[in-house]
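For reference, the chains in residue letters:
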Amino acid sequence: MNRSEPLFAALDEAAPTLRPGFRMQRVEVLNWGTFHKQIWGLDLGGNNALLTGDIGSGKSTFVDAVTALLVPRANFNKAAGAATGERSLETYFFGRYKSERGEPGLSSKPVSLRGADSYSVLLCRFFNEALAQHVTLAQVFWAKAPQGPPARLFVIADGQLSIKEHFAGFGADINTLRKRLRAMPQVELFETFPPYGSAYRHRFGIENEQAMDLFHQTISMKSVGNLTDFVR
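The model shown is predicted, which means the values in this text are computed figures rather than measured ones.

(A) Up close: the side chain of arginine 125. Looking at the secondary structure, you find arginine 125 in strand β5 (residues 119–128). Of the residues examined, arginine 125 reaches a relative accessible area of 16% and is grouped as buried. Sequence-distant contacts of arginine 125, defined by excluding residues within four places in its chain, comprise Arg23, Met24, Gln25, Arg26, Glu28, Val135, Thr136, Gln160, Leu161 and Ser162.

The following block contains the structure:
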């Protein structure tokens, strides 16, 4: 052996440890709550993240977007202490952010950022480093009527999708978007949540649906009134 060479030189060149599991890389929303007209995104890179901001800045709105993608019947904005029914798919779709009272004696009416001629998209990209595998989950919402919850299209892709490239510029007909997505390789479309939920859980290796119920409960923990008490 040449004594000038380090004994464990190979260890210095070893590949970094690959993190197991599917980790969220990016979240995108379009026309979701007060995130209006343009695409808004968060790049997480598979890392843990702390989302901070003033009241009303949109923290819970982004969290609820992820919840809608993963949970069939979500109680939105629970982390912020919201009352049941305060936020729903309908309020997020239309962008309802306040209520106004018109003439005296009349009931208040919600004020919306968008009408029934709009559409909304939620999208999350995941990556498994150990398997070198990408998965994208997305949902598209459009109005069935001027009032009431929107219709939904559920999308899973074994690859990287984005709202700008794959969910825009299809006009007002949702069937045009359906045809575009069906023509893409490794993309599945679903009309209801149960088969969509089963398909993404299978990819992620989540054997029991109750695991997602537990996930939802952790998101819906009550608000923290005092940071010192929370840390203690």
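(B) Main features of the pattern of salt bridges. Counted according to the given criterion, the structure contains eight salt bridges. The partner of arginine 178 in a salt bridge is glutamate 191, and the shortest N-O contact between them spans 3.0 Å. Residue arginine 178 is found in helix α5 (residues 174–182), and its partner glutamate 191 is found in the loop between β8 (187–190) and α6 (193–204); the two are separated by 13 residues along the sequence.

(C) Spatial organisation of the sheet that holds strand β1 (residues 23–32). Pairing is antiparallel across the open sheet formed by six strands, whose spatial order is β2-β1-β5-β6-β7-β8. The open sheet is flanked by β2 (35–43) and β8, the only strands paired with a single partner. Neighbour to neighbour, the strand axes of the sheet diverge by 10 degrees on average, direction disregarded. Sheet topology note: the β1/β2 ladder contains six bridges and is antiparallel.

(D) Inspection of the nonpolar core at higher detail. Among the nonpolar cores identified, the biggest contains 34 residues, and Trp32, Leu70, Leu122, Leu137, Ile156, Tyr196 and Tyr200 are the most heavily contacted of them. If you tally residues by element for this core, the top one is helix α2 (residues 59–70), at six residues. Dropping the residues within four chain positions of it, tyrosine 196 is found in contact with Leu69, Leu137, Ala138, Gln139, Phe154, Val155, Ile156 and Phe190. Val155, Leu161, Leu181 and Leu189 belong to the second-largest nonpolar core, a separate cluster that totals 21 residues.

(E) Expanded view of the packing of α2 against helix α7 (residues 210–219). One can describe the packing of α2 onto α7 by two numbers: an axis separation of 11 Å at closest approach and a directional angle of 165 degrees. Taken together, the axes of α2 and α7 lie roughly antiparallel to each other. Our pair here, α2 against α7, has a crossing hand that is left-handed. When α2 is examined against α7, the residues Val63, Thr67 and Leu70 are found in contact with a partner set consisting of Met212, Phe215, His216 and Ile219. Each residue belonging to the contact of α2 with α7 can be placed in one class, and the counts come to five nonpolar, two polar and no charged.

(F) Spotlight on the pairing of β5. Of all ten residues that make up β5, ten are buried, and the element is covered over most of its length. Direction of pairing for β1 relative to β5: antiparallel, over a ladder of seven bridges. Each bridged residue has a counterpart across the sheet, and for leucine 30 the counterpart in β5 is valine 121. Here β5 hands over to strand β6 (residues 133–142) after four residues, with alanine 132 in that stretch at a positive phi of 55 degrees.

Rules behind the numbers
The written sequence of each chain sets the order in which its residues are numbered from 1. Reporting in this predicted model follows two pLDDT cut-offs: at least 70 for local features of residues, and 80 or more for side-chain atom pairs to be given and counted; totals over whole chains, interfaces and linings ignore these cut-offs and use all residues. Side-chain measures here rest on the full set of heavy atoms in the structure, leaving out hydrogens and waters. The helix count covers DSSP runs of H or I at least four residues long, the strand count covers runs of E at least two residues long, and both are numbered beginning at the N terminus. Only protein chains enter the accessibility calculation, which uses a 1.4 Å probe; a residue is then buried when its area is under 20% of its type maximum, exposed when over 50%, and partly exposed in between. Residue contacts are counted whenever heavy atoms from the two residues lie within 4.5 Å of one another. Salt bridges are defined as contacts in which a side-chain nitrogen from Lys or Arg sits within 4 Å of a carboxyl oxygen from Asp or Glu. Two strands form a pair only when DSSP identifies at least two bridges running between them. An axis is simply a line fitted to the C-alpha atoms; with a helix, the fit covers only the stretch in contact. Between two such axes, the angle follows the N-to-C directions and lies from 0 to 180 degrees. Here, nonpolar core refers to any group of buried Ala, Val, Leu, Ile, Met, Phe, Trp, Tyr and Cys residues whose side-chain atoms link them within 4.5 Å. Should an angle fall under 35 degrees it is taken as roughly parallel, and over 145 as roughly antiparallel, whereas 65 to 115 is taken as roughly perpendicular and any remaining angle as oblique. The sense of a crossing depends on the near helix, which, turned anticlockwise from the far helix by less than a right angle, makes the crossing left-handed and, turned clockwise, makes it right-handed. Here the nonpolar group is Ala, Val, Leu, Ile, Met, Phe, Trp, Tyr, Cys and Pro; Asp, Glu, Lys and Arg are the charged ones; every other residue, Gly included, is treated as polar.

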